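Residue-level listing of the chains:
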Amino acid sequence: MSQTAAPRMGAPEWIDDPRFHDKAGRGANRDVLNAAINERLALQDRDHWIERFNKDGVACGHINDMREVFAEPQVQLRVLTVYVVVVALLPVIWWLGWGFVRPLDKLRAQVQQHAAQPLSMPQVHVEGQGEIAELADAFNGLLRALAERVHQNEEFMANVAHEMKNPVAAIRAAAEALGRPEPMDEARARRLSRVLLQSSQKLDALVTRFLDLARAEAGLPNEERVAIFLPDLVGRLIEQLRADERYHTVRFEIDAQPLSVSGVAGRIESVFSNLLDNAASFAPARPGATEPPWVRVRIRRDPERPQAVIDITDSGPGIAPEDLKHLFKRFFTKRPRGSGIGLMLSRSLVEAHGGSLFASSPPGQGATFTVRLPLLEAAAAAAGRSGGFKPLSL
């Protein structure tokens, strides 16, 4: 029984090619040829076997020296063509590399300088246009935002020190008076005691608001969020205001769709409590009004986005155009006893819930504060409510 020899390691694939036979079909002595090829491979000879076949597929010889290959006119033409192309492309490649690397290296050097002194260095500059220039512009934008943030923090700390200075000074004066050795009448003692209490309460409220503001700007981490049914929340707050003797002349109206949002219950309640209290306090202050003061609340769904839109409008004198741009800044207030933190805190809380808060005030039409919050479906909000949703009548 004949056995077929296994292919040898390193033997060329064309050793079994049927075209290797001559025209008459006489096979070459494969054993001798295989031994010769393996010997050449084992000796790592520099010569390469190059089999050339004519158009009939008959082996017409082999070449043992690469110099004979390069002697072929076609090979010389191809080598010359490659050489010319490479030489022609070298200046282009160098110019492209220089044009890309040089501005990038310049940008890297300037960024490293800014890393050491981020706010004292001028903005980075890269000549020309393109992606590198856009990258430099983006970095300059980052520097501007950083500088603005630092300026806001410095202004904030100055305002904090100013706001804390008054109650601290009052507490200190009262403590010094109480510490004097001379006798003090009961009325003065009660007055100093009242100063200590009021100043400490103001200081405590101020610190609490600062902490709440810091948590809100951090996104209210680690605070549980639940489904909040807006008509119930706002309706309950309105009922509390109607029972407040300060607002007994104010008429409250509400038009609410059955919408729900997800949020930290106490934080969302504080936002609407602050906005409603502001609206109620300014509603009676409209000069020349012929109708009773009012506050209107409308809760609706945005037709284009999955958001709940809450508009709180009052009949007050409105907000001056020059004050609108400062309305949500820290410590800006027009109220005699206002802290100037409430609206800033409310906006930060709304933004921490993925929403927005802004104000508008057409001339002679009062002010409107609009809150936008990500929406839960009305069906989910109404789930579990016995008897379904019933509009609030206030």
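Residues numbered from 1 in each chain as written. Predicted model: local features only at pLDDT ≥ 70, side-chain atom pairs only at ≥ 80, totals over all residues. Heavy atoms only, no water.

**Observations concerning the packing of aromatic side chains**
(1) Moving on: Tallied over the entire structure, the rule returns 1 aromatic pair.
(2) Moving on: With a centroid separation of 6.4 Å and 80 degrees between ring planes, the pair formed by F328 and F369 is classed as edge-to-face. Remark: F369 occurs in strand β9 (residues 368-376) and F328 occurs in the loop between α8 (321-324) and α9 (342-352); sequence separation between them is 41 residues.
(3) Moving on: R296 extends its terminal NZ or CZ atom over the ring of W294, reaching a point 3.6 Å from the ring centre. (Phe/Tyr/Trp six-rings, centres within 6.5 Å; stacked < 30°, edge-to-face > 60°. Helix = DSSP H or I, 4+ residues; strand = E, 2+ residues; numbered from the N terminus. Lys NZ or Arg CZ within 6 Å of the ring centre and 35° of its normal.)

**Remarks on the pattern of salt bridges**
(1) Moving on: Tallying each qualifying case throughout the model produces 13 salt bridges.
(2) Moving on: E176 is the salt-bridge partner of R172, the closest N and O atoms lying 3.3 Å from each other. Taken together, the positions of R172 and E176, both in helix α4 (residues 131-178) and 4 residues apart, correspond to about one turn of that helix.
(3) Moving on: Under the relative-accessibility criterion, R172 is labelled exposed at 58%.
(4) Moving on: A single network of salt bridges, built from pairs that share partners, joins D212, R215, E223 and R267. (Salt bridge = Lys/Arg side-chain N within 4 Å of Asp/Glu carboxyl O. Buried < 20%, exposed > 50% of the residue type's maximum accessible area, 1.4 Å probe, protein only.)

**Considering the side chain of Q307**
(1) Moving on: Residue position: Q307 is located in strand β7 (residues 307-314).
(2) Moving on: Only 3.1 Å separates the side chain of Q307 from the side chain of R372, close enough to count as a polar contact. (Polar contact = N/O pair within 3.5 Å; in protein donor to acceptor, adjacent residues only side chain to side chain.)

**A look at the environment of P363**
(1) Moving on: If you trace the backbone, P363 turns up in the loop between β8 (356-360) and β9.
(2) Moving on: P363 sits in the exposed class, given a relative accessible area of 78%.
(3) Moving on: Sequence-wise, P363 and A320 are 43 residues apart; in three dimensions their C-alpha atoms are separated by 8.3 Å.

**Points about α9**
(1) Moving on: By the criterion of burial, α9 is predominantly enclosed, with 9 of the 11 residues buried.
(2) Moving on: Among all positions of α9, only G342, L343, M344, L345, S346, S348, L349, V350 and A352 are buried.
(3) Moving on: The inward-facing, buried residues of α9 abut α5 (186-217), α7 (265-282), β8 and β9.
(4) Moving on: G354 lies just past α9 and shows a positive phi near 80 degrees. (Contact = heavy atoms within 4.5 Å.)

**Quick look at the packing of α5 against α9**
Geometry of a packed helix pair, given as the angle between the helix axes and the separation of the axes.
(1) Moving on: As a packed pair, α5 and α9 sit with axes 8 Å apart at the nearest point and diverge in direction by 30 degrees. As far as their axial angle goes, α9 and α5 are roughly parallel. Like other packed secondary-structure pairs, α5 and α9 cross with a definite hand, here left-handed. Contacts between α5 and α9 involve R209, D212, L213, A216 and E217 from the former and G342, M344, L345, S348, L349 and A352 from the latter.
(2) Moving on: When grouped by side-chain class, the residues that make up the contact of α5 with α9 number 6 nonpolar, 2 polar and 3 charged. (Axes fitted to C-alpha atoms, helices over the stretch in contact; angles between N-to-C directions. Parallel < 35°, antiparallel > 145°, perpendicular 65-115°, else oblique. Left-handed = near helix turned anticlockwise from the far one by under 90°. Nonpolar A, V, L, I, M, F, W, Y, C, P; charged D, E, K, R; others polar.)

**A look at the pairing of β9**
(1) Moving on: Extensive coverage of β9 is indicated by the burial of 7 of its 9 residues.
(2) Moving on: Relative to β9, β8 runs antiparallel, the two sharing 5 bridges. Residue pairing in the sheet places L357 in a bridge with V371 of β9. (Pairing = 2+ DSSP bridges.)

**Some points on α5**
Since one α-helical turn is 3.6 residues long, residues separated by three or four positions face the same way.
(1) Moving on: Along its 32 residues, α5 runs 46 Å from first to last C-alpha, staying within 8% of the 46 Å computed at 1.5 Å per residue.
(2) Moving on: If you check which residues of α5 are buried, you get L192, S199, L206, F210, D212, L213 and A216.
(3) Moving on: One side-chain oxygen of the residue at the start of α5 lies 3.2 Å from the amide nitrogen of A187, identifying that residue as D185. (Expected span 1.5 Å × (residues − 1).)

**Section: the environment of I132**
(1) Moving on: Tracing the backbone shows I132 in helix α4.
(2) Moving on: With 25 residues separating them along the chain, I132 and L107 place their C-alpha atoms 8.1 Å apart.

**Some thoughts on the confidence of the model for the protein chain**
For any part of a model where pLDDT is low, the fine detail of the predicted coordinates should not be relied upon.
(1) Moving on: On average, residues of the protein chain carry a pLDDT of 75, and 68% of them reach 70 or more.
(2) Moving on: Below a pLDDT of 50 lies the segment residues 1-11, which in the model reaches 6 contacts outside its immediate sequence neighbourhood of four places, other chains included.
(3) Moving on: Confidence over residues 378-394 falls short of pLDDT 50; this stretch has 21 contacts with residues more than four positions distant or in other chains. (pLDDT = per-residue confidence, 0-100.)

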